[in-house]
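Coordinates in review
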Amino acid sequence: PLLMNYELRERFNSLIMSPWSLSKINEYVTNEDFDSLSNFASLIITFLEIDCIQLSSKLMKNEWNEFLKFLLNLTNFPLTPIIQETVSLKFIGFWCQIIEVFTDEMDMIENALNNDSGIIDEVNKNFEILLQELSMIYFRKIQLTVTSDSEFKQNRDAFLSFRGDT
């Protein structure tokens, strides 16, 4: 994505939540092609990470609620992390970057929002809601208990690492 010019980035951005993108996700889920879903999520994450400060200020505005829900739904993919899906693992780094922007770069977000106190209050409120949503999503995902399942045994260390990263 960094090699794309502005026009191509805008075109790709419009595809992220388009009917085409949603149909691809649905196709991957229907066909249980979780590797392709994971790769598609990686592409989206890589694209979105280009400018985290700008994205952070946009994501928390009310008009971006649907896009934020889309990302949260991808994060909350309803399978067992590591063992059945890696999408939620891939999103950990992305969400950490967004959170770091809000904790370490708030002055830059305020500048990106033209220091408009009404919009800044909206963004802060939406950020708190995002933190609550992410906490609930990842709390459910790390609650997997140790089982005798052979697939879990093979992925135990990776799952425990995922749990620690979360």
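Right, let's walk through the structure included here. The structure presented is a predicted model; accordingly, all values stated were derived computationally and were not measured.

With respect to the nonpolar core
Core analysis: the biggest nonpolar cluster contains 46 residues, and Leu-59, Leu-71, Phe-91, Phe-94, Trp-95 and Ile-98 have the highest contact counts within it. Among the elements that take part in this core, helix 6 (residues 87–104) stands out by supplying 8 residues, more than any other. Setting aside its immediate chain neighbours within four residues, Leu-71 contacts Ile-44, Leu-48, Leu-59, Phe-91, Phe-94 and Trp-95.

Looking at the pattern of salt bridges
On inspection of all chains with the given rule, the structure shows 4 salt bridges. Among the ionic pairs, Lys-69 bridges to Glu-66, the shortest N-O distance being 3.7 Å. With Lys-69 and Glu-66 both in helix 5 (residues 65–75) and 3 residues apart, this pair spans about one turn of that helix. Here Glu-85 ties to Lys-141 by a salt bridge, and the two come within 3.1 Å at their closest N and O atoms. Here Glu-85 is found in the loop between helix 5 and helix 6, whereas its partner Lys-141 is found in helix 8 (residues 117–141), with 56 residues between them in sequence. Take Glu-85 and Lys-141: they sit in the same class, and that class is buried.

Here's the deal with the packing of aromatic side chains
Tallied over the full model, the rule gives 12 aromatic pairs. Here Phe-34 and Phe-77 contribute two aromatic rings whose centre-to-centre distance is 5.7 Å and whose plane-to-plane angle is 70°, an arrangement assigned as edge-to-face. In this pair, Phe-34 is assigned in helix 3 (residues 34–48) and Phe-77 in the loop between helix 5 and helix 6, connecting sequence segments 43 residues apart. Among the residues examined, Phe-34 registers a relative accessible area of 23% and is labelled partly exposed. On the basis of relative accessible area, Phe-77 is assigned to the buried category, the value being 7%. Taken together, a centroid distance of 6.2 Å and an interplanar angle of 50° make the contact between Tyr-138 and Phe-162 tilted. Of this pair, Tyr-138 sits in helix 8 while Phe-162 sits in helix 9 (residues 150–165), and the two are 24 residues apart along the sequence.

Observations regarding unusual backbone geometry
Unlike most non-glycine residues, Ile-82 shows phi in positive territory, near 70°. Assignment of secondary structure puts Ile-82 in the loop between helix 5 and helix 6. Note on Ile-82: relative accessible area 13%, which makes it buried. A positive phi angle, near 50°, is found at Asn-115, a position not held by glycine. Looking at where Asn-115 falls in the secondary structure, it is placed in the loop between helix 7 (106–112) and helix 8. A relative accessible area of 47% places Asn-115 in the partly exposed class.

Rules behind the numbers
Residues numbered from 1 in each chain as written. Predicted model: local features only at pLDDT ≥ 70, side-chain atom pairs only at ≥ 80, totals over all residues. Heavy atoms only, no water. Core = buried A, V, L, I, M, F, W, Y, C linked by side-chain atoms within 4.5 Å. Buried < 20%, exposed > 50% of the residue type's maximum accessible area, 1.4 Å probe, protein only. Helix = DSSP H or I, 4+ residues; strand = E, 2+ residues; numbered from the N terminus. Contact = heavy atoms within 4.5 Å. Salt bridge = Lys/Arg side-chain N within 4 Å of Asp/Glu carboxyl O. Phe/Tyr/Trp six-rings, centres within 6.5 Å; stacked < 30°, edge-to-face > 60°.

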